[in-house]
Amino acid sequence: MDYVVEMKEINMSFGNVHAVNDGEFTLERGEIHSLIGENGAGKSTLMKILNGIHRMDSGSIVINGEHFRHYNTKKAIQMGFGMVHQEFALVDELTVLENIILGFEPAKHGVIDFAKAREQINFYIREYGFDVNLDKRILDISVGEAQRVEILKTLYRGAEIIILDEPTAVLTPQETLNLFEILRQLKSKGVSIVFISHKLNEVMEISDRITIMRDGKYITTVKKDEITIPELANKMVGRDVTLACEKPPVHTGECVMSVQNVYVSSKRELSKIKNVSFDLFQGEILGIAGVDGNGQNELVEAIMGLREVEQGSILIKGQPMQNQSVLDIRNTGVAYIPDDRNTRGLNKKFSIMENLIANHLGKIPFSKYGILNKKNADDYSKDLVEKYDVRPRDPSLNVGNLSGGNAQKVVFAREIEADFDIFIAAQPTRGVDIGSIENIHKLINEIKLQGKSVLLVSAELEEIFALSDRIMVMYEGEIAGIVRAEDAEINRIGLLMTGGGTSAS
Amino acid sequence: MLHKNTYLNTIFSVAIAFLVGVVLILAIGQNPIEVYGELFKGAFKGSLNFGGTLEKFVPIFITAIAFYIASVVKLFNVGVEGQMYLGAVVSAWVGFSFVNLPGPLHMLLCFVCAIVVGGAWALISGILAVRLNVNEICTTILLNYVAILITSYLVNGPLSAKTGISTTPNVADSVILPWFMSPSRANTGLFIAIGIFVLFAWILSRTTFGYKLRSIGSNKEFSNYIGMKSDRLILTGMFLSGGIAAIAGAIQVLGVHHAFLNGFSSEIGFYGMLAALISKGNFKMLPVMSFLLALLRNGALNMQRFTGIEASLVDIIITVFILIASMDWILVLFRERKKVRVQ
């Protein structure tokens, strides 16, 4: 078999961390090859080596039959590589067209030849079915569109091998479908694609072959048709994973939170949330489904006191708590996992210990008369790191050094250890590897079993279905429907999420 | 590891700055060894010279702490100079006015009034920044002029000693901070400075209040989400910053001049700010940097007195030092080299 790319015995270390340990990877022309593994398994590092971003310590790379050792990104572009990173490299103030040609502008008499560039890009747009407006500025387009711009950019630079680093992490389900359509088009024209992901269902949908990595090591490469999702998960994590955990029975009690006719504005528009009302009962998990950006975040922030409620009331245990301070709302018994753990959920400048005690700060045994008791805080965080399986088990480490899954465990540990009756979890498993997802789902079910209430916001329908007792769908800032989980069909929920169907209650 | 690097970086910067100095001294036809010898003699030799260095060290050190505290809550308090002036004039007024109070109480009152006025002055910029989003760098710079002109008006008008020079009457003997290294003017304000430093080192690392200040400064979003009252905490930080700067002024009055002299400072506050800036957020470096600046300034004055070499030469060395110290490139360069060699 002729490979476009053949990587063998690749090794690379960052300091003491052996990021890639005897890595292997092959790519055929015109295939979609998924590279999967948990956070920190070395997927991104391996691909960054291929892209000339990192230099490997040892190993061999053969590209189109030719041996290479070290090369830089410029050379990688010449060899036909293009990479779309998780964080886009686009200039907000420039238009889509300007961004695509940036650094590779066609010139005529020393002046940029925009007409020629436009013509060339339009060719790709027609050929592969892109939905992109070349004259909009980046700050006016959606995340999905920005990602298409990144792909166009690689094509414009002549890429024949495109590496996508967790491209669907930032996309809505519709945008994901759109992306897959483009990928299939690209594949049919002979472009090879590397798809880095840890979402197994997507991997099974799009790939021809799948390579699995774990702890920096190459595990195996398989054809898509020869493996199932549970087998993949097992190989990826190194043990059996049961995501479809049994749903504990519900024993709902009285209403602990009542949201009544609430209006909330978002950053950009007034009354982003319009007339939302619902009740949350003791001992249930209420799942809020919806495509990202339909007001779920604004709703949760309004409940937490982080966003102003324009109109309406929020009763927590019978007390009106709208527009109260976050501290007061927390003190009535609300814990909250924010959707953005990097800026809101954790202070990356602080150690694990300092993050863990943040909401217990003023209480004995952590402080007395305003003086911190460092020993008690250390002991406490050592226990928590153990209990919640945070790796590495060193609470004095900076939180910024943790992988996504472990960082999220710290957030959960802090919030669960607080005194609460209502637990709000927004996108609790976003960017978290599959082993940690299993853990987090267990934790959420345990909260319910203790007779406490959970408000779960997730863009992952599977997660909503796996955990919720009732499902509430939000669409454009309104409630499109509330359904009991046993009556819910995935198609119907999907329809409600996209604005189809009439509301049911 | 990181701390080791900071110290190394500092030593590097100092060394390079002095090398640049060597070139300059050679260029004006002098002997570098002799000049540096005089510089260090001027800073250290005998109680007059060494005391002079300590005297200059105290206000630079305290204003450096003041600037640092504001920077903990992410405010850039360029107004330490003005806050210091106000603290000075207030302590002078209290010091010569309430002479019937018992000594210790009188002295305490001098400091408390200075702190309140200096802190309140800083709070103006703080409130404008927090509530109306007005850039605090602009307002603190502008309020410096206002503050200094107010003190100038007071010392030439209502608070004047009416002796023909711009000064207030002398403060009561009981509130004077004694000199301990005669004939220099090094005074017990040094111990106040050390006290403030230790106190704030402790507050920042060991109290819930210090934790909250650091949290607000490093991640406001997180702090709001946890339930901290960030606006109030930021304003408290700014008040403390102004108050500490005012203490530096009070010490200049009670310990050095024994009255408020118009325009006494010769940019103490700016040197304090520089000391804080080149310490790059490392609280432990503040005394080191402040002392370095103090010894260079004092040594330079004495050097000029004895060798006739312009003290401005030292200003150049200081400037070069600051330029280099504020760059991270030296270490980055070394790190990159190492990496390449490993491969």
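See the structure shown above.
Given the structure is predicted, the values throughout are model-derived calculations rather than measurements. (Residues numbered from 1 in each chain as written. Chains lettered and ligands numbered in written order. Predicted model: local features only at pLDDT ≥ 70, side-chain atom pairs only at ≥ 80, totals over all residues. Heavy atoms only, no water.)

Chemist: How would you summarise the interface of chain A and chain B if you had to cite specific residues and measurements?
Modeler: Opposite the 29 residues of chain A that make contact, chain B presents 19 residues. Across the contact surface, chain A and chain B share two salt bridges. One salt bridge connects Glu354(A) with Arg214(B), and the closest N-O pair in it is separated by 3.0 Å. Applying the counting criterion to the chain A and chain B interface returns 13 residue pairs in polar contact (both at pLDDT 80 or more). The set of elements that each furnish at least two residues to the side of chain A that touches chain B consists of helix H10 (326-331), helix H11 (341-345), helix H12 (352-356), strand E20 (371-372) and helix H14 (404-416) of chain A. The element contributing the most residues to the side of chain A that touches chain B is H11(A), with four residues. Taken together, the residues that form the side of chain A that touches chain B break down as twelve nonpolar, nine polar and eight charged. (Contact = heavy atoms within 4.5 Å. Salt bridge = Lys/Arg side-chain N within 4 Å of Asp/Glu carboxyl O. Polar contact = N/O pair within 3.5 Å; in protein donor to acceptor, adjacent residues only side chain to side chain. Helix = DSSP H or I, 4+ residues; strand = E, 2+ residues; numbered from the N terminus. Nonpolar A, V, L, I, M, F, W, Y, C, P; charged D, E, K, R; others polar.)

Chemist: Could you give an account of the sheet that holds strand E18 (residues 334-337) of chain A, naming the residues involved and the relevant values?
Modeler: Residues and elements named next belong to chain A. Across the sheet, six strands lie side by side as E18-E21-E22-E15-E23-E24; this open sheet has mixed pairing. The open sheet has two edge strands, E18 and strand E24 (478-484), and neither has a second partner. The sheet shows a mean angle of 15° between the axes of neighbouring strands, taken without regard to direction. Taken together, the four bridges between E18 and strand E21 (residues 422-426) define a ladder with parallel strand orientation. (Pairing = 2+ DSSP bridges. Axes fitted to C-alpha atoms, helices over the stretch in contact; angles between N-to-C directions.)

Chemist: Residues and numbers for the pattern of salt bridges, please.
Modeler: What the rule picks out here adds up to 33 salt bridges over all chains. One salt bridge in this structure joins Arg185(B) and Glu55(B), with 3.5 Å as the shortest N-O distance. Here Arg185(B), found in the loop between helix H6 (136-156) and helix H7 (189-206), pairs with Glu55(B), found in helix H3 (residues 46-72); they are 130 residues apart in sequence, far enough to count as distant. On the accessibility criterion, Arg185(B) (32% relative accessible area) is partly exposed. Linked through salt bridges whose partners overlap, the residues forming this network are Glu386(A), Asp389(A), Arg391(A), Arg393(A) and Lys409(A). (Buried < 20%, exposed > 50% of the residue type's maximum accessible area, 1.4 Å probe, protein only.)

Chemist: For the environment of Gly144(A), give the residues involved together with the corresponding values.
Modeler: Within the secondary structure, Gly144(A) sits in helix H5 (residues 143-156). With 86 residues separating them along the chain, Gly144(A) and Pro230(A) place their C-alpha atoms 29 Å apart.

Chemist: Give me the nonpolar core: which residues, what numbers.
Modeler: Among the nonpolar cores identified, the biggest contains 185 residues, and Met257(A), Phe278(A) and Phe423(A) are the most heavily contacted of them. With 14 residues, the single largest contributor to this core is H3(B). For this core, the domains that each give at least three residues are domain 2 (254-333 + 422-505) and domain 3 (342-418) of chain A. Of all hydrophobic cores here, the second largest spans 49 residues; its members include Leu186(A), Val191(A), Val203(A) and Val237(A). (Core = buried A, V, L, I, M, F, W, Y, C linked by side-chain atoms within 4.5 Å. Domains from an automatic or database assignment.)

Chemist: So what's going on with unusual backbone geometry? Which residues, and what values?
Modeler: Residue and element names in this part refer to chain A. Going from Ile-364 to Pro-365, the amide bond is cis rather than trans, its omega being 10°. Tracing the backbone shows Pro-365 in the loop between H12 and strand E19 (367-368). Along the chain, Arg-391 connects to Pro-392 via a cis peptide bond; the corresponding omega equals -5°. Locating Pro-392 in the fold gives a position in the loop between helix H13 (374-387) and H14. Backbone geometry places Tyr-369, a non-glycine residue, at a positive phi of 50°. With a phi close to 45°, Gln-427 is a non-glycine residue in the positive phi region. Within the secondary structure, Gln-427 sits in the loop between E21 and helix H15 (434-449).

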